[in-house]
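If you want the building blocks of each chain, they are given just below.
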Amino acid sequence: HVQLVEPGGGSVQAGGSLRLSCVASGYTSPMNMGWFRRLPGQEREGVALVNSDGSAGYADSVVGRFTISKDNAKNTLYLQMNSLTPEDSAMYYCAADHNWSQMVSGRGVDYWGQGTQVTVS
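Residues numbered from 1 in each chain as written. Predicted model: local features only at pLDDT ≥ 70, side-chain atom pairs only at ≥ 80, totals over all residues. Heavy atoms only, no water.

A. A look at the overall build of the chain. A tally of regular secondary structure across the chain gives one helix and 11 strands. Starting at the N terminus and ending at the C terminus, the chain contains elements arranged as β-β-β-β-β-β-β-β-β-α-β-β. In terms of overall size, the chain behaves like a compact globule, its C-alpha atoms giving a radius of gyration of 13 Å where 121 residues would be expected to give roughly 14 Å. When burial is assessed residue by residue, the chain has 40% of its 121 residues classed as buried. For the chain, the proportion of contacts with a sequence separation of at least 24, taken over those separated by at least 6, is 56%. Only carbon and sulfur atoms are counted for the fraction: they give 46% of the accessible area of the chain, which is about 6,300 Å². (Helix = DSSP H or I, 4+ residues; strand = E, 2+ residues; numbered from the N terminus. Rg over C-alpha atoms; globule rule 2.2 N^0.38 Å. Buried < 20%, exposed > 50% of the residue type's maximum accessible area, 1.4 Å probe, protein only. Contact = heavy atoms within 4.5 Å. Areas by Shrake-Rupley, 256 points an atom, 1.4 Å probe, with all protein chains shown as cover.)

In structure tokens, the structure reads:
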């Protein structure tokens, strides 16, 4: 089965930048991938998605600040986060699914990373 591991996370002051990574294994074919986050006391929400063909989309709250990318040779997904604010503090999770509709809705997603904490002060 597919496994997703998220090294990284960390703390940064407002206005700073961080890059999250998600290392994938167990792929048998290209998958849709994305990043979700859970803010303190709130439900999980979608942040950025990239489909198996490379097309990306973003939540309105992060447009212009976050960039999702992937390095297929390294089996790694990235989330570059710039101009961070305290409102971005959350647990961030990478995800993968062969079904695009499941990724867009965030419901029934097949594979999840363990999560990594991002704290902006």
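We are not done yet, so read on.
B. Up close: the packing of aromatic side chains. Using the criterion set out here, one finds two aromatic pairs in the structure. Here the aromatic rings of F36 and W112 are separated by 5.1 Å at their centres, their planes lie at 65°, and the arrangement is edge-to-face. Of this pair, F36 sits in strand 4 (residues 32-38) while W112 sits in strand 10 (residues 111-112); the two residues are 76 residues apart in sequence, bridging distant segments of the chain. With a centroid separation of 6.5 Å and 85° between ring planes, the pair formed by Y93 and W112 is classed as edge-to-face. (Phe/Tyr/Trp six-rings, centres within 6.5 Å; stacked < 30°, edge-to-face > 60°.)

C. Region of interest: the state of the cysteines. Tallying each qualifying case throughout the model produces one disulfide. C22 shares a disulfide with C94; S-S distance 2.1 Å. The chirality of the disulfide connecting C22 with C94 is right-handed, given an S-S dihedral of about 55°. One end of the pair, C22, is in strand 3 (residues 18-25); the other, C94, is in strand 9 (residues 90-97), and 72 residues separate them in sequence. Given a relative accessible area of 0%, C22 falls into the buried group. (Disulfide = S-S within 2.5 Å.)

D. The arrangement of the sheet that holds strand 3 in detail. Pairing is antiparallel in the open sheet, where four strands are placed in the order 1-3-8-7. The two strands at the open ends of the sheet, each matched to only one other strand, are strand 1 (3-5) and strand 7 (66-71). Strand-to-strand twist of the sheet, defined as the mean angle between neighbouring strand axes without regard to direction, takes the value 20°. Pairing geometry for strand 7 and strand 8 (residues 76-81), over six bridges, is antiparallel. (Pairing = 2+ DSSP bridges. Axes fitted to C-alpha atoms, helices over the stretch in contact; angles between N-to-C directions.)

E. Just unusual backbone geometry, in detail. Despite not being glycine, N75 has its phi angle at roughly 55°, a positive value. With respect to the helices, strands and loops of the structure, N75 is situated in the loop between strand 7 and strand 8. Despite not being glycine, S83 has its phi angle at roughly 50°, a positive value.

F. Just the environment of S29, in detail. Assignment of secondary structure puts S29 in the loop between strand 3 and strand 4. Remark: the alpha-carbon pair of S29 and M91, spanning 62 residues in sequence, is separated by 28 Å. Here H98 takes part through its side chain, which lies 2.9 Å from a polar atom of the side chain of S29. (Polar contact = N/O pair within 3.5 Å; in protein donor to acceptor, adjacent residues only side chain to side chain.)

Everything listed here is a matter of geometry and, on its own, says nothing about what the molecule does.
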